[in-house]
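What the coordinates show
Chain residues, written in single-letter form:
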Amino acid sequence: MSDTFVSLTDLTLSYGQTVAVPNLNLDIVEGELIALLGPSGCGKTTTMRAIAGLLTPASGRIMIDGTDVTRTPANKRGIGLVFQSYALFPHLSAFENVAFGLRLQKLSDAQVRAKTEAGMATVGLTGFETRKPAEMSGGQQQRLALARSLVMQPKVLLLDEPLSNLDARLRLEMRNELQRVQKDTGITMVFVTHDQSEALALADRIVLMKDGKIEQLGKPADLYAKPATAFAAEFMGFENIFRVDGTDLVSDTGRLSMGFAAQANMLAWRPSGVSVGAGPHKGRVLASSFAGGHREYVLESPIGQIKADAPIETPEVTLGQEVAFDLPRETARHLVA
Amino acid sequence: MSRLTIWVILGVTLTFLIGPFLIVIFAGMSAGEALAFPPQGLSLKWYAKVFTVESFRASFALSLFLAIFGTLAALAIGIPAAYALNRYDLPGAEMIRTIVAAPIIVPGIIVGLALLRYFVVPLDVTITMALFVTHAALVLPYAVRVVSSSLNNLRSDMEEAAVILGCTRFQAFTKVVLPNIRGGILAAFILGFVTSFNEVPASLFLSGPGVRTLPIDMLSYMEITFDPSVAALSALLAFMSVAIVFIAERLLGFSRYV
Amino acid sequence: MFLNRSEGLALALPAALFTFLVFLVPVGILLSVAFQAEPGVWSLRGYVDFFSQPLNRTVFLRTLKLGILVAGTSAVIGYLAAFCIVNLPATSRGSIFGLVVLPLMISPVARTYAWIVILGRTGIVNDTIVGLGLSNTPIRLLFTETAVFVGLLQLFLPLMIISLVSAMENIPKDVVPAARVLGASWFQVFFRVILPLTKEGLVIGGTLVFTGALTAYITPAILGGSKVLMLETLLYQKVNVSNDFVSASVIAMILIVMCFSANLVLKRIASVRS
């Protein structure tokens, strides 16, 4: 592709004898915000470290901006990395933290000062110059770590779990911050996360990984509505996934007749896709919790537990009671195993 | 346990542990000629006399030299070793650790004797050199252990961050690691200094006429004369050690590293 | 990033090599002499000769006995002191602990010398005894096993206290009150709760104290002299007085084996207890 900025070709990454990522192929477009999403151990952090140069590939090739950087050491790749723990230098002030990389470049004192001040302003930390990282809040520390990488004007910015250490409100702020920075600077960003809602909110494209391989790659809307496999579906929030046999759903505990035939060998429903209160099936309520705009039920059924969300307007069903429900064809997602 | 019981137990224990020093301090202040407690009259003459004894001055200088430079030498090879053991996945790391820690396990007198017979004599090394090498070897395990403990508390992603920002590995070490283990290094230096200064068994065999460490000198002085000057000197040395450690604790919370 | 092993080895090697050449090789050679009563002939004759002399046997047993006594006594006192320290309010805890650690920083010569003042013929204890009329003449306190015992105890007690305090601090906060509420006497609390939970600290402290007492030189030299010989002072005598290197090496070997076995035995006791 013409505007491929980072490409990983046949990349195999291993720790000692264990192969963490076998034969990965991925092209990242210039200026995009791409997420590596997956559970722990799926290889997303390993891949990120390989792009950064902290891990030497066993085989394969990494290209950044047309240059083969596979053998280039980490301090010469022109990438930026915001660590999950921020990795700020505790013995330096905020200003010196941000200026650290610039000072290594033999710029004049005035140039360093100008760039550093500009960098801190970009993340809204003007006035914090003399503070030590330990004297700053979590959100401020992260913005500082971000500024430290951004002033280097990296070709690619890598972020390791950027939002996982933050509380809900900060998370929202930081999300907006990252999007704004990306729009303003146009830097290609790759971030690693295990949280699907983070990936959905931020990314232009999502790379869902499992066991070192790419399970599915696509735009957030596509991944959300049309996961291809059971793993992808489960990761993207489809809680009710069952095998299909003819017109029945089957599990280890029993069968449930659906009333329609499916092409795929698995079907999945989001909790919001299950209709509660009316339908051909009956289930006993095992659990019920109030979630603001809807109620979350766990229903007992012949094929196992069904997680269903009912809008707040539907009459509440109490624990132990039986309620009718349906797994409609319209909201079913067809999957391959 | 009642407060009273606690203070009684601690009182007795501390009296047992520290009482003797206080006695030495006062015995050294005796105005008389003989060693006794309570002292017959108070005078600082023995404390003053200590500074005039020629051999004490010489051995003090030697002990000081060994403590400072022996420890520095130990740190010079100990810090890289601690760093390597801590940050790298070395084959035989356990064996290296055991080798480096060995001098602590072997009784000092054996070390002194072994070095005298199989190092000093065959290689015709000067006594000072032998003492220097011995003290460095005895301090090295402490240096490695304390610096290791400091490094353990420092996350390695800081060095990675420095490298990504453009540092070479060496620059990352000097700009990021060293400033943050400064406290540990200082603690290691002080621990090494005190260990070396107070060392007796190994230095016993290696010391010779005219070339003695201070503790050895005191021991031989005690065999000849029994006046309070040894008490005074002991008290002075105790003050010195205590002062060093006290200042270190104030400066950097020394106890954290040991 | 730190997978470059040769780099790492280069950094660690000077220390390892230095210690190996300067320390391990000479000591190794010295210890081998213990097995070469006649030069070139490897045998255990050195040991046999050593133990065949009654004096040596006495010294060996005395050293072992004192080592165990000092370790045991320091454990008892240590637990009491450590328990007290741990139950102090945080403000005084640091200073009291500091006072306990303080003696370790002071030269053993100074620390032992104090006992001469206290236990000597004109020392405090004797002055008190004679003054109170308990005896007409000063009792000989110095150059006895008791004197060496007391000196060694004072020398190594802080080590035991430090180990036990550290172990006790790791006991979960409310475990002792919980045991008391369940009806345990202090005796039971100690043996059923505190001891099992601190046994590692006890092992570390015990090893440090035992091996320290075994290998101490200054204290037995000053307080025991040639009347109460311990293995280390005997070793010194063998070298400086009798020129008997084989015996000296045998003693060295015995000391090392004793320290090593003590460590193993104590560790074994600790894990069996659970």
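The structure presented is a predicted model; accordingly, all values stated were derived computationally and were not measured. (Residues numbered from 1 in each chain as written. Chains lettered and ligands numbered in written order. Predicted model: local features only at pLDDT ≥ 70, side-chain atom pairs only at ≥ 80, totals over all residues. Heavy atoms only, no water.)

**Digging into the overall build of chain B**
For chain B, the helix and strand inventory stands at 11 helices and 0 strands. Starting at the N terminus and ending at the C terminus, chain B contains elements arranged as α-α-α-α-α-α-α-α-α-α-α. Referenced to the eigenvectors of the C-alpha coordinate spread, the extents of chain B come out at roughly 70 × 60 × 30 Å. Nonlocal contacts in chain B, meaning residues at least 24 apart in sequence, comprise 69% of its contacts between residues at least 6 apart. As presented, chain B carries roughly 10,600 Å² of accessible surface, and 69% of it is formed by carbon and sulfur atoms. One way to put it: in chain B the 15 positive side-chain charges average out to a point 7 Å from where the 13 negative ones average out. (Helix = DSSP H or I, 4+ residues; strand = E, 2+ residues; numbered from the N terminus. Contact = heavy atoms within 4.5 Å. Areas by Shrake-Rupley, 256 points an atom, 1.4 Å probe, with all protein chains shown as cover. Lys, Arg positive; Asp, Glu negative; His and termini not counted. Charge placed at Lys NZ, Arg CZ, Asp CG, Glu CD.)

**Thoughts on the pairing of strand β10 (residues 213-218) of chain A**
Across 5 bridges, the pairing between strand β9 (residues 205-210) of chain A and β10(A) is antiparallel. Residue pairing in the sheet places A:V207 in a bridge with A:L217 of β10(A). (Pairing = 2+ DSSP bridges.)

**As for the pattern of salt bridges**
Residue and element names in this part refer to chain A. For the structure shown, the criterion picks out 21 salt bridges over all chains. Where R205 meets E32, a salt bridge forms, and the shortest distance between an N and an O atom there is 2.8 Å. Of the two residues, R205 sits in strand β9 while E32 sits in the loop between β2 (18-29) and β3 (33-37), which places them 173 residues apart along the sequence. E32 carries the same exposure label as R205, and that label is buried. A salt bridge links R295 to E316, with the shortest nitrogen-to-oxygen separation between them at 3.5 Å. You can see R295 sitting in strand β16 (residues 294-301) and its partner E316 sitting in the loop between β17 (304-311) and β18 (322-326), a full 21 residues away along the chain. A residue is classified by how much of its surface remains accessible, and E316, at 49% relative accessible area, is partly exposed. When salt bridges that share partners are traced, they join E96, R103 and D109 into one network. (Salt bridge = Lys/Arg side-chain N within 4 Å of Asp/Glu carboxyl O. Buried < 20%, exposed > 50% of the residue type's maximum accessible area, 1.4 Å probe, protein only.)

**Some thoughts on the interface of chain B and chain A**
Listed per partner, the contact involves 17 residues of chain B and 20 residues of chain A. Approximately 1,600 Å² of surface area, both sides summed, lies buried where chain B meets chain A, with 70% of it carried by carbon and sulfur atoms. Contact with chain A buries area across many residues of chain B, yet B:E160, B:I164 and B:L165 alone supply 43% of it, more than any other trio. Remark: the boundary between chain B and chain A carries 1 salt bridge. With a shortest N-O distance of 2.7 Å, B:E160 and A:R49 are connected by a salt bridge. Inspection of the region where chain B meets chain A yields 5 residue pairs in polar contact (both at pLDDT 80 or more). Of all the secondary structure elements, the ones that give two or more residues to the side of chain B that touches chain A are α7 (157-164) and α8 (169-198) of chain B. (Buried area = accessible area lost by both parts, 1.4 Å probe. Polar contact = N/O pair within 3.5 Å; in protein donor to acceptor, adjacent residues only side chain to side chain.)

**Quick look at the interface of chain B and chain C**
Residue-level contacts link 73 residues of chain B with 74 residues of chain C. When chain B packs against chain C, close to 6,900 Å² is buried across both sides, 84% of that on carbon and sulfur atoms. The interface formed by chain B and chain C holds 1 salt bridge in total. Applying the counting rule to chain B against chain C returns 5 residue pairs in polar contact (both at pLDDT 80 or more). At 15 residues, helix α1 (residues 3-27) of chain B tops the list of elements feeding residues into the side of chain B that touches chain C. Its residues placed into classes, the side of chain B that touches chain C shows 60 nonpolar, 5 polar and 8 charged. (Nonpolar A, V, L, I, M, F, W, Y, C, P; charged D, E, K, R; others polar.)

**Quick notes on the packing of aromatic side chains**
Enumeration over the complete set of coordinates arrives at 21 aromatic pairs over all chains. Relative to B:F132, the ring of B:F65 lies with its centre 6.4 Å away and its plane at 35°, an arrangement referred to as tilted. Here B:F132 lies in helix α6 (residues 127-152) and B:F65 lies in helix α3 (residues 54-87), a separation of 67 residues in the sequence. With relative accessibility at 34%, the residue B:F65 sits in the partly exposed group. We classify B:F132 as partly exposed; its relative accessible area is 22%. A centroid spacing of 4.9 Å and a plane angle of 55° characterise the contact between C:F187 and C:F191, whose relative ring orientation is tilted. (Phe/Tyr/Trp six-rings, centres within 6.5 Å; stacked < 30°, edge-to-face > 60°.)

**A look at the domain arrangement of chain B**
Residues and elements named next belong to chain B. As assigned here, chain B comprises domain 1 (1-43) and domain 2 (53-256). Distance between the C-alpha centres of domain 1 and domain 2: 31 Å. Where domain 1 abuts domain 2, roughly 580 Å² becomes buried across the two surfaces, and 82% of that area is made up of carbon and sulfur atoms. The three residues of domain 1 that bury the most area against domain 2 are V24, I25 and L35, which together make up 62% of that side's buried surface. Our count for the contact surface shared by domain 1 and domain 2 stands at 0 residue pairs in polar contact (both at pLDDT 80 or more). Taken together, the residues that form the side of domain 1 that touches domain 2 break down as 5 nonpolar, 2 polar and 1 charged. (Domains from an automatic or database assignment.)

**A word on a nonpolar patch on the surface**
Among the surface-exposed residues, C:L17, C:F20, C:L21, C:V25 and C:I29 lie close enough to one another that they form a single nonpolar patch of about 410 Å² accessible area. Inspection of the secondary structure assignment puts C:V25 in helix α1 (residues 5-33). (Patch = residues over 30% accessible without salt bridge, like charges linked within 9 Å, V, L, I, M, F, W, Y side chains within 5 Å.)

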